[in-house]
Each structure stands twice: as structure tokens, then as C-alpha cells.
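These are the residues of each chain, in order.
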Amino acid sequence: MLSQRFLVGECLLMTCFPKTRVYFNDEKRIMSELTNGAATPVKLTRKDFVTDQEVRWCPGCGDYSILAAVQKVMPELGIPKEKIVFISGIGCSSRFPYYMNTYGFHTIHGRAPALATGVKAANPDLQVWVITGDGDSLSIGGNHFIHALRRNINLKIVLFNNRIYGLTKGQYSPTSELGKKNKSAPMGTIDYPINPLSLAFAAEATFVGRSMDTDPKHLSTMVEKLAAHKGSGVLEVYQNCNIFNDGAFKGFNERDVRDDRMLYLEHGKPLVFGKDKSKGIRLKGVTPEVVTIGENGVTVDDLLVHDENAPEPSLSYIIGRMEYPEYPVPMGIFRSVSKPTYEDMLTNQVESAVAAKGAGSLEKLINSGETWTIN
Amino acid sequence: MSATTLEDVISSKQVEELETVTIRFAGDSGDGMQVTGGQFTSTSAIIGNDISTLPDFPAEIRAPAGSLPGVSGYQLNFSSRDIRTPGDEPQVLVAMNPAALKTNLPDLEPGGILVVNTDEFNANNLKKAGYASNPIEDGSLTGYRLFKVPITSNTLKALENSALPFKQQDRCKNFYALGLMYWLYDRPMEPTVKWVNDKFGSKPEVADANIQVMRAGFNYADTTELFTTHYKVGKAKIKPGKYRNITGNEATAIGFIAGAQLTGRPLFYGSYPITPASDILHELSKHKNFGVKTFQAEDEIAAIGSAIGASFAGSIGLTGTSGPGVALKSEAIGLAVMTELPLVIIDVQRGGPSTGLPTKTEQADLLQAMFGRNSDCPVGIVAPSTPGDCFEMAIEAVKLATKYMAPVFYLSDGYIANGSEPWEIPSIESLPDLTVQFRTETEGFFPYLRDEKTLARPWAVPGTPGLEHRIGGIEKKHITGNVNYEPDNHDFMVRLRAEKIQRMQQDIPDIEIFGDKTGKVLVLGWGSTYGAITTAVEQLRDQGKSVSSAHLKYLNPFPKNLGEVLKSYETVIIPELNLGQLAMLIRAQFLVDAVSFSQVKGKPFKVSSLVNKIKEFL
Ligand SMILES: Cc1ncc(C[n+]2csc(CCOP(=O)(O)OP(=O)(O)O)c2C)c(N)n1
Ligand code: SF4
Ligand SMILES: [Mg+2]
């Protein structure tokens, strides 16, 4: 089934874009590309990615663990650090690039995907990361977020979701829960929140994942997967702002309740959760339903099976909308599919234009059209 | 009854020699007036006239047929002498329908030639144009030399044997008008025949129909007794060289391709469609074989964001828009100023504020380019003065941006963007070498360590081993580029960024004087008013008046000698298509009591109105 889909994808591709190179999530191949095919990948350590700048987040902030996870994963990718660029918007989270000893660009509020698009389009050899907050990506930068995702340009977007505006000291954000009391909503917010994953599916992102700051192991794995994906990818990370929105994820992410209230997605496996793996998710029409295996005749075979490679994102969308307390909160990779990337198609157009017309000649260009000579 | 032979008619027609003629073709936006005008222009240029054109598009793409808002016009001035404007008032108006007559007649010179397509003067069209009675019958046009030609029916008659559907036959009528005018002004049809065959190569029946109709128009004028005289406009004394006709937007596009090539770096263009800048996007997207990458962004903010990203990555980052788009780009321009990356922002100005007059011209974004950002946020500003000059100024913009590592505004406008003129094609060898050098040396590298002469910081692009560094919009520590909030450092850096832009003066030529180095009046202009100002001053000088002119192509910083020049005249007059923006800058910077002469009608200055204004001070 899987290979058949790829085949179809490939055929279509070959007809539309005869020169487009087709990539699937073939990590080795991508890594060898990025390392310029170097036989022995560069040996780097976590320390190589640490800068001399003092980290300025509040003590206890969830951003620290995301930084740690990224710095841990980076050397494992085997990519020379000069080929890595971190681009951020504005917010506490967007300070991130200053702490990564790679190339970095701390841009303006909401616009990181736009800047990153220019960097990647200009030099597709670079591995380009976008660091953004919930306000940065979903409020002021909502438009760029959508369009970067729909273009399938290979940007690795890490969305730090603390459900608050941290840097401006505690106003509600587009992901703040309805009724939440904070600086700009003393009587509680009356804005319905947006689900970042729903938006990512709607925008046709080819990689959609979720993790959280308090689970470093899972977080590192997700960062690795995002790094390996070729195409537009977004990883939402639940991040605690212990100053302005402490405990935003309380109730489901504490160690003792986590297993019962969260669900770790695994590709090709049924949606099962609970300390003793006794619970699962079944579909009733298009509505998910929490069931207990063994009760009322429910067996594992009745459960929804997760397919992160499904070409059609509808099931992932349904899973992505499950929220606590009605449902367990899903974590992991919701979607990971392949299609031609923007940068490859762009490179391809340049190459085919050169093939068809020859490399541009300035002489010819300025002398084109109707010309005449005055003696 | 004695039969009149063809020869009799031809021999009976007189030929008169004229120096300069201004024609306006006007019709419905679906009537193909831009093609007609464009063809007349190319042919006139090829046979050696000097030319200048002014297309006038309606804001609506397809306003209802026959309506006043749907009228599209194309004016061109052709001459046997050196000309610089499309002419104040047309001497000839071709009106394809009543609406075109209604909107354009007020501009036609008294006694001018008026050719109308009588077939379109029916009750319905007259009503749409708001005529109570038919102007071509009621005697109201007696002040003009009226020629009534059934253009539509003659076109259909010429295509009697054509298999084309009626609608397509009808669409050929602009070529009938073109044929008439070719006869009237004694132009050859061959260049247009060639153009039509190239253009409709895949549809020979369409090509043939257009050519047939053009010939029919030509022969009609030649053989009927309607026209008794035709005119010759001789060759102009044009500087020897190889020429092509070029619009400002074309020259802008190829100028930036050239500029990037001269630096040795690929061009990246991020843009969001907007009139009158979109043609630059269209043109650049055709030239991917130059390594040009065009990106149609989701909005103007993303457009400039992508260009800044591309510059950071080592491309020549270019973004283009019109005034409303510049407003959206402001914050990002500030980012480019702070991060000191090369960037060019094209603003093809149009009438404003807000959506304003999208298809009309204005020069009212000068202060927006100069100051339209938070804080002290200086950028370089250049402005081409004619369609052909766009090529050179595009290269200049790239030069200043890359040499000084700074954003540079390129202020064109709707008039030069769509207007055209013969452009002397430069030799490649005459173009400057703008090769850029990326920093690669790791020893002693600091992102904000500067070149002593230009104050430019190094361009160290991602991918370069050992130069990993971070930049951003937060204030930078001098030299290290680290985030820094110290009061003295900020004061220093604000001044330094201003000083860096000021130093661009080192690479800006002195302003030239047209006329005498001292005298009664200096007319100072910038941008697209060059042609009208120079023509007005030339006319007055021919009358022995003490008036000179100077034209600014660099507006920030100003040329070094500008202060001296301003002091050398009793009065400085600054004509602008805005309410006095350059005048404000000149008064502020040089304490000169300059006289502002402004007009904001969405149209270029008329030479006559400039002449009248200048006379007040002579
Ligand atoms: C144009 C603009 N508007 C407003 C701001 C102020 N501002 C800075 S960060 C921010 C919100 C940040 O929230 P989020 O993106 O969630 O990041 P966090 O600080 O929570 O990590 C705002 C409103 C700004 N810097 N620029
Ligand atoms: S305000 Fe919140 S998000 Fe910002 S650094 Fe402090 S804890 Fe972190
Ligand atoms: Mg936030």
C-alpha cells in the first residue's frame, strides 16, 4: 500500500517536474547531502553548539529543556554547524538562536518563516530551523506560518506553545484557553483558542508533531525526526512559562498521571494508552471515543490504527483535536509524508531554464527585442 | 462621368513636413489601444524619430464596454528633434467610441485632428458616455478637423472572406486605426507586419487578419478623398548608437539582473503583486536562466522578509512594490538597517494615500522612503529620471547596497514605469565591476567590525566554516555584534548607522547643471519630472532667460556639491508631483528658501504649466 502510493507520487512527479529529485524520509541520504557526501561525518559534541552568551530565560522556564534537547540532537545529525541556521521571530522563545553556536537570525515579530524562506530558497544546502512562539506564529505571524507550510519548503519549525505572551509579560495568546484569567483578561478571555495542529493540517504541512518540555527523551526523538524530514515541518512543544502561565499543562502532564491522560502515537499501531495499556481510541463515525479494552466486547482490533504516512490528513486531524479532559492528549508524529519541496522545484526551474535557453547572457538580454542603429 | 484613378487621388494629396506630433489613441480597454500605440511607437523609433510615450490605463480591468471608466489611452510624441516628454496636448486624437471622445477631447489642441469611429456612435454608446445628442452630428466639434470613419464596418468588410468568428474580426479594428495613422504620418507598415507574424506565429489566420485590416486602413486613407494631406516627420539627430525602445519597468528589471551579474551573486526577488510594480515581477520571472529566483510572497512583509533572508544567505536581495506595500514593509526595512544587510526596495510610486489612484502617477513617497520607519533609521535613496535611466539607477542601487551593506530605496513611479523611450544600449564593457567579496577569513572576524572607508560590516554568509554568528533586530554591541543595551553604545551605533549612509556620498556623482552655473532661477527636480522640467527650461533659455535646471537622482544622501549649487541662484524652484516633499528636505538641510511648485493630479507636469510658473520668477 505504502510503496504503491510512493510509486504513484513518483510517476506524477516525473511527469510534472521531470528534473525534480524525489526524496522520501531517507535520513542517510539527506545527511550525506548536507555533509556534502563526506565519507566520515563531522564529529561534533553538544558543546560545539553552545555559545558564550548568557542564557536569559527565567529560572525554571521550559525553554531551557528545549534548548538542551536541540543541543543534544544537533551533533548527532552529523551536519557541519556552518550549514545550520536558526531563525526566530520575537518572544522569549525567539531568543533561542543567540544560544546556538550556528548561524542565526533573530528577526521581527511573526516574520521568521518569511526570512527563513528567503534563506532556504537562496541556498537550499542549508538546514534551516524556525523558532517561534504561540503568539509569534499564530497571531502576528499566522499568515506566514500558513504559507510556509503550504509551500512545503524545507523549514523545521519548532513552535514553543506556552499559551501566553511571555516576553510582553502575560497577556493571553491565540492558544490561551477560553476563560483564562491573565493580565489583559482579568475577567477571563473571551477569545476561542486555536489548535496549532489543526491549522498545520489545513495548511498541508508534510510533517506535524507534538512533544513537551517535561519529557526530554520524547522531545529529543521528535527533534531528530523533524530534522530528518524533508519538507515543511512543524513541531509543537508544550512549554511551561512558570512566571505568567505556570501549570498550563497541569492535570495531564505530571509524571504520575501522564500515562493515563496522554497518548503516545506510534506509526502502524492502534491508539492505546493508560498505565496498563488498557484504554484505547475507537472511531464512532468521525468522532473519537475512549474505550476500555475487554469491556463491552471491545478488542484491540476495534481501535483506530495510526498511519502517519496517510496521504489524506483527515484522521490525523481528528486525532490532533483530542483534548484533555475529554480525551487523552496525543503526543508524537501525527503526519509525515513526502512531496516535492519548494526549493527543489525552484532549483529545477532554474536548471531547466538554463538547459532550455543557455546560461543568461547580459549582452543578449540588453540587446533583445527590436533594436535599431543610428549612424 | 469620368472615373478617378488611384493615381489621380494619390497625386492630388499633399505632403507637409512637421517637426513634432503628439497623437493619442483612445478607446475601450478591450479595443487594443495599448498595442496600437506601442506599434506606432516602435515604427516611429525604427525610422529615426525621437519618441516619448504615456500609456493611460483605466483602474478597472474590464469596466463595462463603452463606459467612461473603461477608456484606455496611449499618447505618444514623435519628433525630428530631441524630445523628453510625451507632449502636453495631443494634436491628433483617435477616438474609437463616444466614451473615449468624452474623456479625451478636453485635452485635444484647438483645431486638432480628430478621427472617430462612427460605427460606435450609436444611441446606446452615446448614452453610456453621457451625450444627450450625437457630437459628431450636432456641430459641437466644429473647432476641430473631424474625420468620420466607419472603422468597425470597414474592418468587417476587409475580412469578408475570413473564417475568423465575428468577435475576433471585430477585435482587429485597432489595426485599421493604426493603418490610417500610418498613412497619415507616412510610416512603413513592415515593422508591424513582422511583429504581428512573430506574435501570432501559431495562429496565422489571426496574423493575416490583422495585417489585412491594417492595409485596408492605410489604403482607405490613401484612396478616399477624406484626407487631403499627409505629414512627414523627419529623422531626429540622435546620438549614434544601437537603440531599443524600453519602458521603465523593463529597464528596471534588466537593470537589476545586470546589477546582480556585476556583483557575481544571484538575484533574489521577493514581491507581492501590485500596480504599477507587477510588471517587474513578470519580467524577472522570465529570466531564471540568469539564476534569478523570483518568489511571489503571501504579502509585502513576507516579500521583503524573504529578500532579507536571501541577502543574509548571500544573494542580491531585492523586493518591489508600490506605496501601500512600502507601508507594510517598514518594520522589515528597519531590520535590514539594524542587521546591516544589502537590500534594494523598489517603490513604483502611484497616487495615494491608501489605495489612491493605482494606475496613476505621483511622487509622494519620498518622505516615506526617507523617514517612514520607527526611530532613526536611515537608508540610501536613488530615483531614476527616465524610462531608460532605470537601467543605470538599478545598477547604482545594487552598488550602494552591497558596498555599504545597507538598504537602498529605488523610487520609480507609474509614469516612467509604463512610459517608454528609445534607450541607447550600453556596451557591457562600460558597466562597472561590482564584484562582492564575502568574508571567509576566520582570524579576527567580528560581525560588526567595519571597513574604515565605507563603514560596511563584513558579509559573512551561512555555509562559511568558522564564521558562525547571530544577528538580529536588537541593538548591537559595536564590533562584536552581541546584544547590547548600554546607553553609550546605542548612541554611538545610531550615529554610526547614519554616518554610514552619509558616506555613500563618496560613490555619488556631483549633480550636473543644465544651463549656466549661476543665474536668476534654478529649477531643481527629482525622478520622473526630468523630461518636463528640462524641456521647459530649454524653451525659456531659447528665449534668453536666466534659468537653469538640475536633477537629483540620489536623494539620500544628496550629492556633495548640492549645497554650493543651490546658493548660486537667486531663486530655487522645486516642481514635484506631491505637496512639496523634496522642498521640505532641501529647506531643512540647506536653509534655502526654495519655492515649491506642486501638482497632484495623477498626471505628469505639462511643460506649459512649468514654463508659466518659472516665468513668475524671471
Ligand atoms: C510588531 C511588534 N508588535 C508587538 C511586539 C511585542 N511583542 C513582543 S513578543 C510578543 C508576544 C510573544 O509571545 P509568544 O510569541 O507566545 O512568545 P513567548 O514570549 O511566549 O515565547 C509581543 C506581543 C513586537 N515586538 N513587535
Ligand atoms: S516569561 Fe515565561 S516564557 Fe518567558 S522566560 Fe520567563 S518563564 Fe520563560
Ligand atoms: Mg507564548
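Conventions and cut-offs
- Residues numbered from 1 in each chain as written.
- Chains lettered and ligands numbered in written order.
- Predicted model: local features only at pLDDT ≥ 70, side-chain atom pairs only at ≥ 80, totals over all residues.
- Heavy atoms only, no water.
- Helix = DSSP H or I, 4+ residues; strand = E, 2+ residues; numbered from the N terminus.
- Buried < 20%, exposed > 50% of the residue type's maximum accessible area, 1.4 Å probe, protein only.
- Contact = heavy atoms within 4.5 Å.
- Areas by Shrake-Rupley, 256 points an atom, 1.4 Å probe, with all protein chains shown as cover.
- Lys, Arg positive; Asp, Glu negative; His and termini not counted.
- Charge placed at Lys NZ, Arg CZ, Asp CG, Glu CD.
- Near = heavy atom within 4 Å.
- Nonpolar A, V, L, I, M, F, W, Y, C, P; charged D, E, K, R; others polar.
- Pairing = 2+ DSSP bridges.
- Axes fitted to C-alpha atoms, helices over the stretch in contact; angles between N-to-C directions.
- Domains from an automatic or database assignment.
- Buried area = accessible area lost by both parts, 1.4 Å probe.
- Salt bridge = Lys/Arg side-chain N within 4 Å of Asp/Glu carboxyl O.
- Polar contact = N/O pair within 3.5 Å; in protein donor to acceptor, adjacent residues only side chain to side chain.

A few points about the overall build of chain B
Scanning chain B from terminus to terminus reveals 21 helices and 23 strands. Here the C-alpha coordinates of chain B stretch approximately 100 × 60 × 45 Å along the principal axes. Relative to its 618 residues, chain B shows a buried fraction of 61%. Summarising the internal contacts of chain B: among those between residues at least 6 apart in sequence, 77% fall at separations of at least 24. Total accessible area on chain B is roughly 23,500 Å²; 52% of this is exposed by carbon and sulfur atoms. Looking at chain B, you have 59 positive and 69 negative side-chain charges, and the mean spots of the two groups are 1 Å apart.

Focus: the site of ligand 2
Near ligand 2 you find Trp 57, Cys 58, Cys 61, Cys 92, Asn 162, Gln 239, Cys 241, Asn 242, Ile 243 and Phe 244 of chain A, and these make up its full shell. Class assignment of the residues belonging to the shell around ligand 2 gives a composition of seven nonpolar, three polar and no charged.

Considering the sheet that holds strand 2 (residues 103-106) of chain A
On the basis of which strands lie adjacent, the open sheet formed by nine strands has the order 7(A)-11(A)-5(A)-6(A)-4(A)-3(A)-1(A)-2(A)-17(B) and mixed pairing. The open sheet is flanked by strand 7 (262-264) of chain A together with strand 17 (470-472) of chain B, the only strands paired with a single partner. Strand after strand, the sheet turns through a mean of 20° between neighbouring axes, direction not considered. Of the pairings in the sheet, the one linking strand 2 of chain A to strand 17 of chain B comprises three bridges and is parallel in character. Across the sheet, His 106 of chain A pairs through a bridge with Gly 472 of chain B, a residue of strand 17 of chain B.

Brief notes about the domain arrangement of chain B
Residues and elements named next belong to chain B. Segmentation of chain B into domains returns domain 1 (12-233), domain 2 (244-430) and domain 3 (513-615). One C-alpha centre belongs to domain 2, the other to domain 3, and the line joining them spans 25 Å. Across the boundary between the two partners, domain 2 contributes 29 residues, which contact 22 residues of domain 3. Counting each side, the surface lost to burial between domain 2 and domain 3 is near 2,100 Å², with a carbon and sulfur contribution of 62%. Where domain 2 meets domain 3, there are one salt bridge. A salt bridge links Asp 389 to Lys 553, with the nearest nitrogen and oxygen atoms 2.8 Å apart. The tally of links between domain 2 and domain 3 comes to 14 residue pairs in polar contact (both at pLDDT 80 or more). Listed by contribution, the elements that provide at least two residues to the side of domain 2 that touches domain 3 are helix 14 (366-371), strand 14 (380-382), helix 15 (389-404), strand 15 (407-413) and helix 16 (414-418).

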